[in-house]
Structures are given as structure tokens and as C-alpha cells.
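Inside the fold
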Amino acid sequence: MSNEDIVERERKPFSWKPVVGGALLVGLAGGVIIAEPALKNVLEQATNQTGEPASFDAPMAEIAAADTLLSCVATPQLANGGGSTDSQFTPDTTKQTTGITASVLSDAGARIPGVSATPLTEQASNDSEATAKELTKRIPDEQASQVVSNGADGSTTVVGKVLVDDQKTFLKLAAQSLGKQSALISGQRTTLSEDGDLAGFSAAPCMSPSHDQWLVGASTAVENTSILTISNPSSSAATVSVRAYGSTDNEPNVGTLDRLVIAPGEHYTTLLGGVAPDDSAVTLRVQSQGGAVSASIQQSSLRGLTPAGIDYISAGARAATTSVIPFVWVQPQADSTSLGKGTNGQSSASQLMISVPGAVDAKVTAKAIGSDGKSHDIPLPETLKAGRTTAISLAELPAGSYAVRLTSDRSVVASARSVRGKAADQPHDAAYTPSAQRLSQRQLVTLPAGGKPYVLFSTDDAAATVSLRSIDSKGRLGKALEQSIPANSAYKFDPKTLGDVRSFTVDTSGGAVYGGGLSFAGATGITTFAIQPSPTAAQGIPVNLP
């Protein structure tokens, strides 16, 4: 069975058939169960009059929601972990600010859920079991399970809480459920290094663990380093399989990554140069059985001794025939030309990267939707080769901020690389934006710490409205700012217009909305991120009983 067939099968609704012993549907977030008394009704609906299997909405029963888990990347580190005593020539940084910023919302009674941060130990290390650090006090479980619709004074009040943690290692954030509802939480790891080989500005959102994720756009070419980390924040061991799609005819060698077992609370790290050597565009698919995992790639570049970019490649949306990269920044063409002098063929311009994971070549079209209201077609090859990752320069686009929309006759995955800098012999930076899912009705977005942030919202063929409310450093929610976005348009939002803002909520209505963020730091620092749906929606998995 081809990978394309697998991707297509994942979109089809689950088709129920009468089976001996029945079936259970278990919810992972909000939690639902189909119990034995309901099986008769389930089986009666499972077969239509022709005897063929039929799809239907299963009856649901609530169970208590588990803690919401997020996995946060570590502070960027050198591949060899080495350093020097001479700060002028040391590859390691001597001037760095780093930390996790997280935001969480209360329930209607202004109760803030308990939030903890637990380090994830390196696999096969001798470290003792990590200890959770309490960021907010956990409410006793019996009280937390009670549904509270208003505060002590009878009013309905939702407040926020902004949390900061300075631990540098990989972390698991756990947020307590309240009133049988999963907590609304988001977080970012932000790092600004002013010297060393990893000088630059990087940010990565804390991600919900998953059993299937895509990482697009890594480079193992000369002067580039890609470090893959897979974390298991769950309470179950995970058996992980990794598949790689490079840009050349050389088949990647995943080796031991084919059946890798990662214990609960641990992470595994490896250099991608051994998987796909000297390849400028590599895509990974990371799948797990058992525990859900979080995967990320630390991507850095040097030009001789000059730092040329540091960022994290985060997981994006699944393979599909439509994809949206929510924020791509293109600098003036003159800057890219100057930056490209003496680069030995390495790209100095922003890039679009597309991977075709199936067995059949894909016909893809791409359009850049600017924050100025203008759209631009992006020239692509007539077909993109199956099983390969293709990089396309965006140097011909006018300078500005864009959302990029792809349509294809085959399922693809995509990302973009934004570049900032003016001279090859001076430090410059790069940022990676994965494709994004359509935003759910309510999101909580945490901004990178430091820098100057912007957010871009875009629509497809239908108009939509976004309602934004800031959360300041004291957790206070601001007044709602509503913005209508026409179809096939983009709206660039400066969070500072809402005041002292560390994070904000987004409510959407109407058509599909996609969101991404960008932040500048200093003369050349840049980082981007995609806004992914908040980890609060219930997910169901079928379990067959003997």
C-alpha cells in the first residue's frame, strides 16, 4: 500500500460494521464512551437497508477530561556541546536570554487550573526521574471536577494567567482540567543569542503530542546542521517510526529510526546528516504507536564563521490537497542579492518547500496573498516529483508579508523559510513556518518573548471575522477587537495596538481562517510560527472488543 493511499484513507469517516462484542469509542481530551447498553442502537444504525456499512454520529457519554499536555523544545544547543574559553571565538553563546512563556485561561468562575512544567530527560541517560515544577497551584481533584458557571460574587468572569519558566531543557507542560473541560493553554520557547555559532532569534510553540506529524524543510547541506528531537511527554512508551523524503535521488537511510522505542518522560536526539547527507530540503514523517510524541528539528547555518540562521522546524498540518502557510516574510530583493554574494549556491532568499509523499507526481499551484491586499501567483514546475521535497525561491515576490496557499491534485505537505540580512559576511537569520490547520472557534495564542511581533490572519474563498482580546502581563483580558476579513485576503495585526500584551485570544466566525506570527529582534533577528488549533477538542478512537 502506498503512502498516498494511507493519506487518502485517513480522511474517510470511520465505517462501522456489526461485530461480535461491539465497540467502544474513547475520547482522549473531553472524553466519550459508548457503553454496552448503547450497543444495540449502535448496531442498528451501523447497517443500512442494503446491508452495507453506514457512517453515523455515535452516541456519547462524558467522562472526566485528562490534563492537557504540551511539549516545549529546549534552548538551542551546539551539536557537539562544545565551547571555548575565548568569548571572541567560542562557538557557544555568552549573551543569551531564553525561557518558556505560557498562557492559560480560567473557567467561568475565574478559577485558574493547576499548571506544571516537568523536564524530559535524555533517553538512556542516568538522570533520576524528573520533578515537576508547579507554575500555578493545582486545585484538589474533587473541587476541580465541579462545573462552576460563575464566581463567588455571582458574575461570570474569565481571566488569564501568564506564566514564565527559565528552564533550558525540553519540558512537558501539564494543565489541569476544570469542570470536566480541558484547559485552554498555549506556550512558546523563545531564545535570543547575541554571539556564538547559534546567534539569532528563535521561537517555537509548545505543541500537543501526536501520533502522526510532518516536519518540512530541514537542510543537511554544507554549513547547515539539523538536529531531530522526539519527545514523549505521555505516560506510555512510544514506538516511533520515521520516514524521510529528500530532494535528490539518493534514498535517505533512517536506520534505527524505523522502530525506535522512547520511554515515558524521555526524549531522543539525533543528527539528520546521517539520515539524508548533504541535502538542502528534507521532510520527515514521524509516526508513533502507544504514547503520543512531539517532534521538532533545530536548524542552524554557518557561512564560514558567520552565523547564518537559527530556528526550530515545528510540526505542521497533515498531508492534504490544500495547504496554507500562514506567514512568510520576503525582504527587499536588493538585500537578498547582497546577502547571496559568495554563498556557493546556497539560497539567500525566502523559500517555499513542498514535499509529495505519495507514489504519484503532483501538479501543484501556489498563490501568495499579501497583507497589502494583492495576490501573486508563484511559478512552480509543471509537476513535483513523488517521494521528493522541492524548494522554490520566493525572491521574485515584492517585499512584504504573505500567506501562501497551495492546491494540488495529490496530497502534499509544505513549509516556508524566511530570511533576514543584508551581507553574507555579517550575521543574518532565518525562520521556518509550517503549514497550518484551520483555526477552531477559540484559540489562545502566546507571543514570543522580546522582539517586535506581528500576526497575519488569512481567509480562503469565504469571508470571515476574527475577534481578538489581549491578555496582559497581569492576566487581565482586554476589550474585544473585531476585524472582518474578505474572502481570499489577509489581515496583518500588530498586537501592541492592544497595549501591554503577552498573549491574546482569537474567536473566529464565518469562513475558514488561518493564522501565523512573526517577530523581529535587532537588525537581523527573525522568527515565525503557525497558530495551530488549541488542544481542547475531543478526539475519538475506535477500540474493538473481543
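Structure report, in brief. (Residues numbered from 1 in each chain as written. Predicted model: local features only at pLDDT ≥ 70, side-chain atom pairs only at ≥ 80, totals over all residues. Heavy atoms only, no water.)

**A few points about the sheet that holds strand S13 (residues 238-245)**
Across the sheet, 4 strands lie side by side as S11-S16-S13-S14; this open sheet has antiparallel pairing. Lying at the two open borders of the sheet, with one neighbouring strand each, are strand S11 (212-218) and strand S14 (260-262). Neighbour-to-neighbour, the strand axes of this sheet turn through a mean angle of 30°, independent of strand direction. Note that S13 and S14 share 3 bridges and pair antiparallel. Looking across to S14, one finds that Thr 239 is bridged to Val 261. (Pairing = 2+ DSSP bridges. Helix = DSSP H or I, 4+ residues; strand = E, 2+ residues; numbered from the N terminus. Axes fitted to C-alpha atoms, helices over the stretch in contact; angles between N-to-C directions.)

**Thoughts on the sheet that holds strand S3 (residues 96-105)**
Strand order in this open sheet of 4 strands is S7-S3-S9-S10, and the pairing throughout is antiparallel. Here the strands that pair on one side only, and so sit at the sheet edges, are strand S7 (160-165) and strand S10 (200-205). The sheet shows a mean angle of 15° between the axes of neighbouring strands, taken without regard to direction.

**Brief notes about the packing of aromatic side chains**
Applying the stated rule across the entire model yields 5 aromatic pairs. Connected via pairs of aromatic rings, a cluster forms that spans Trp 329, Tyr 454 and Phe 520. Lying across the ring of Tyr 454, Lys 492 places its NZ or CZ 4.6 Å from the centre. (Phe/Tyr/Trp six-rings, centres within 6.5 Å; stacked < 30°, edge-to-face > 60°. Lys NZ or Arg CZ within 6 Å of the ring centre and 35° of its normal.)

**Some words on unusual backbone geometry**
With a phi close to 65°, Lys 180 is a non-glycine residue in the positive phi region. Along the chain, Lys 180 falls in the loop between strand S8 (171-175) and strand S9 (185-193). Since its relative accessible area comes to 39%, Lys 180 is described here as partly exposed. Of note, Asp 278 is a non-glycine position whose phi angle comes to about 50°, a positive value. Considering the arrangement of structural elements, one finds Asp 278 in the loop between strand S15 (266-271) and strand S16 (282-290). (Buried < 20%, exposed > 50% of the residue type's maximum accessible area, 1.4 Å probe, protein only.)

**Quick look at the environment of Gln 146**
You can see Gln 146 is positioned in the loop between helix H3 (141-144) and S7. For the pair Gln 146 and Lys 180, spaced 34 residues apart in sequence, the C-alpha separation works out to 7.5 Å.

**With respect to the state of the cysteines**
Taken as a whole and assessed by the stated rule, the structure comprises 1 disulfide. Between Cys 72 and Cys 206 runs a disulfide, and the two sulfur atoms are separated by 2.1 Å. On the sign convention where negative means left-handed, the S-S torsion of about 110° between Cys 72 and Cys 206 marks this disulfide as right-handed. Placement of Cys 72 in strand S2 (residues 68-72) and of Cys 206 in the loop between S10 and S11 is noted, with a sequence separation of 134 residues between them. (Disulfide = S-S within 2.5 Å.)

**What about the pattern of salt bridges?**
Scanning the entire structure with this criterion turns up 11 salt bridges. We note a salt bridge from Asp 212 to Arg 285, for which the minimum N-O separation is 2.7 Å. Placement of Asp 212 in strand S11 and of Arg 285 in strand S16 is noted, with a sequence separation of 73 residues between them. Given a relative accessible area of 8%, Asp 212 falls into the buried group. A residue is classified by how much of its surface remains accessible, and Arg 285, at 2% relative accessible area, is buried. The salt bridge involving Arg 405 is made with Asp 461; its shortest N-O contact spans 3.7 Å. Of this pair, Arg 405 sits in strand S24 (residues 400-420) while Asp 461 is found in the loop between strand S27 (452-459) and strand S28 (464-471), placing the two residues 56 residues apart along the sequence. For Asp 461, a relative accessible area of 64% translates into the label exposed. Through salt bridges with shared partners, a single ionic network connects Asp 67, Arg 138 and Asp 141. (Salt bridge = Lys/Arg side-chain N within 4 Å of Asp/Glu carboxyl O.)

**Quick look at the environment of Gln 287**
Turning to its location among the elements, Gln 287 is positioned in strand S16. A sequence separation of 48 residues divides Gln 287 from Thr 239, and the C-alpha atoms of the two residues are 8.4 Å apart. Among all residues touching Gln 287, those that are not within four sequence positions of it are His 211, Asp 212, Thr 239, Val 240 and Ser 241. (Contact = heavy atoms within 4.5 Å.)

**A look at the nonpolar core**
Residues Leu 215, Ile 230, Val 240 and Leu 284 are the most contacted members of the largest nonpolar core, which totals 32 residues. Looking at this core, the elements that each hand over two or more residues are S11, strand S12 (224-232), S13, S14, S16 and strand S17 (294-303). In terms of residues, this core owes the most to one element, S13, which gives 5 residues. Excluding anything up to four places from it in sequence, Leu 284 contacts Gln 213, Trp 214, Leu 215, Leu 228, Val 242, Arg 243, Ala 244, Leu 272 and Ile 297. (Core = buried A, V, L, I, M, F, W, Y, C linked by side-chain atoms within 4.5 Å.)

**Brief notes about the pairing of S3**
For S3, a buried count of 8 out of 10 residues is recorded, marking the element as mostly surrounded by other parts of the structure. Inspection of the sheet shows S3 paired to S7 by 6 bridges, in the antiparallel sense. Opposite Thr 101, over in S7, you have Val 164 as the bridge partner.

**Considerations on the environment of Thr 131**
By the element assignment, Thr 131 lies in the loop between strand S5 (121-122) and strand S6 (133-136). The spatial distance from the C-alpha of Thr 131 to the C-alpha of Leu 120 is 9.6 Å, given a sequence separation of 11 residues. Sequence-distant contacts of Thr 131, that is, excluding residues within four places in its chain, are made with Ala 117, Thr 118 and Pro 119.

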